[in-house]
Amino acid sequence: FTLGPALMAASHGLAALIAGRLVVGCGIGVAALVVPLYCAEVAPPRVRGRVVEGFEVALAGGMLVATLVDGAIARAAEMRGSASGGGAPWRVMVGLPLLPALVLLAAAAFLPESPRWLVTRGRLDEALATMGRLLGGADAASAAAEDELLQLWSAVEKEAADAAAARAGVASGHGTGGGGGGGLLRGWGRRRGGASSSALHALELGALPEQPVAVRA
């Protein structure tokens, strides 16, 4: 979100503009996958669904705001009679997202670690303290935080045990997929499918016409 707009605003040719747009598109695609997961992991259970839905609404609202801002910039340029006299208006359009991106980058330093990630790393005390803050209690060792941590720890341990059993089954050739090679190929296929879905989502969002731009040197 910072490199992409900077590349586009400083571009003097189509190749640099496309490169910047691809960087922005990949960033949007990754954010569209990672942010809902993070929100789901840090939000209290009672509001988890609303928080994740709020991200989707904010994403759509951001697209609308970006279109309105671009329209206002183009309109202001036309009123000044400079819409066709240089490259400044479209450079402002593609470079302006750099400002909220910098704010987002600074705000990320204050976000808590995901309790799930802390549990997977064995940092249970930090996970409990984080859950206490997220649940709104002053005492990190509150009953609600402890119960939530216990459920999360049990889920993580079960997933780890299932993954270990699956690996053992693949290694011995007696996994659910039959032969070990078939299981490996199916696992690779699922990973490739997930990566392809992420890339497609990135390109879809990256291709959104946020800025109808005519490229000029």
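Scroll up for the structure.
Here the structure is a predicted model, which is why all the values come from computation and not from measurement. (Residues numbered from 1 in each chain as written. Predicted model: local features only at pLDDT ≥ 70, side-chain atom pairs only at ≥ 80, totals over all residues. Heavy atoms only, no water.)

## Thoughts on the overall build of the chain
Move 1: Each helix and strand in the chain was counted, giving nine helices and zero strands.
Move 2: Ordered by position in the sequence, the α and β elements of the chain form the string α-α-α-α-α-α-α-α-α.
Move 3: The buried share of the chain, reckoned over its 217 residues, is 25%.
Move 4: Considering only residue pairs separated by 6 or more positions, the chain has 57% of its internal contacts joining residues 24 or more positions apart.
Move 5: Carbon and sulfur atoms make up 68% of the accessible area of the chain, which amounts to about 13,300 Å² in all. (Helix = DSSP H or I, 4+ residues; strand = E, 2+ residues; numbered from the N terminus. Buried < 20%, exposed > 50% of the residue type's maximum accessible area, 1.4 Å probe, protein only. Contact = heavy atoms within 4.5 Å. Areas by Shrake-Rupley, 256 points an atom, 1.4 Å probe, with all protein chains shown as cover.)

## Some remarks on the side chain of Thr 130
Move 1: On the secondary structure map, Thr 130 appears in helix H7 (residues 124-134).
Move 2: According to the relative accessible area criterion, Thr 130 is buried, its value standing at 4%.
Move 3: Apart from the residues within four sequence positions on either side, Thr 130 is in contact with Pro 112, Glu 113, Pro 115 and Leu 118.

## Some details on a nonpolar patch on the surface
Move 1: Nonpolar side chains collect at one region of the surface, where Val 65, Val 69, Val 92, Leu 96, Leu 99, Leu 102 and Leu 105 lie side by side and expose about 580 Å² of accessible area between them.
Move 2: Looking at the nonpolar patch, the elements with two or more residues in it are helix H3 (48-79) and helix H5 (98-108).
Move 3: Take the nonpolar patch: its biggest share by element is three residues, from H5.
Move 4: Looking at where Leu 96 falls in the secondary structure, it is placed in the loop between helix H4 (88-95) and H5. (Patch = residues over 30% accessible without salt bridge, like charges linked within 9 Å, V, L, I, M, F, W, Y side chains within 5 Å. Salt bridge = Lys/Arg side-chain N within 4 Å of Asp/Glu carboxyl O.)

## Quick notes on helix H2 (residues 14-42)
Move 1: Over its 29 residues, H2 extends 41 Å from the first C-alpha to the last, a length consistent with the 42 Å expected when each residue adds 1.5 Å.
Move 2: In the structure, H2 departs most strongly from a straight axis at Ala 31, where the bend amounts to approximately 30 degrees.
Move 3: Those residues of H2 that fall on the buried side of the exposure criterion are Leu 17, Gly 20, Arg 21, Val 24, Gly 25, Ile 28, Gly 29, Ala 31, Ala 32, Pro 36, Cys 39 and Val 42. (Expected span 1.5 Å × (residues − 1). Bend = angle between axes of the 7 residues up to and from the residue.)

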